[in-house]
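# Fold and contact review
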Amino acid sequence: QVQLVESGGGLVQAGGSLRLSCAASGLTFSVYAMGWFRQAPGKEREFVAGITWNGGNTAYADSVKGRFTISRDNAKNTVYLQMNSLKHDDTSVYYCAAGLGVVPGSLRGIRSWGQGTQVTVSS
């Protein structure tokens, strides 16, 4: 059974930083592209960042470019999202996902989602 478990969310002041982690089990992590999405109340889920199976390519939403960094450690079956210079608008539930590839603005062929972790940025 595939499990993606996010952690690292919390409450932070605007301008602060958080690092999210997503630990994967039940799948061959190293062959999957991984991504982070977020969903704020009343809004649709949106793509935040994606990374290819070997970390060779990454993609970001325009709203987070230069502030967020996605990375992965295939030895630990974990993908990370380093979030710096956080803004109130970054407040959302953040989800990780496993997919077949990274395409502009999304993750292709999503196979599994995590349960999400709340990030709240106070202004």
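Residues numbered from 1 in each chain as written. Predicted model: local features only at pLDDT ≥ 70, side-chain atom pairs only at ≥ 80, totals over all residues. Heavy atoms only, no water.

## Description of the packing of aromatic side chains
Aromatic rings considered in pairs are described by the distance between their centres and by the relative angle of their planes. Under the criterion given, the structure shown has two aromatic pairs. Both rings, one in Phe37 and one in Phe47, keep their centres 5.6 Å apart while their planes meet at 75°; by these two values the pair is edge-to-face. In this pair, Phe37 is assigned in strand S4 (residues 33–39) and Phe47 in strand S5 (residues 46–51), connecting sequence segments 10 residues apart. Each member of the pair Phe37 and Phe47 is classed as buried. Between the aromatic rings of Phe37 and Trp113, the centroid separation amounts to 4.9 Å while the plane-to-plane angle is 65°, which identifies the pairing as edge-to-face. One end of the pair, Phe37, is in strand S4; the other, Trp113, is in strand S12 (residues 112–113), with 76 residues separating them in the sequence. Taking the relative accessible area as the measure of exposure, Phe37 reaches 6% and is therefore buried. (Phe/Tyr/Trp six-rings, centres within 6.5 Å; stacked < 30°, edge-to-face > 60°. Helix = DSSP H or I, 4+ residues; strand = E, 2+ residues; numbered from the N terminus. Buried < 20%, exposed > 50% of the residue type's maximum accessible area, 1.4 Å probe, protein only.)

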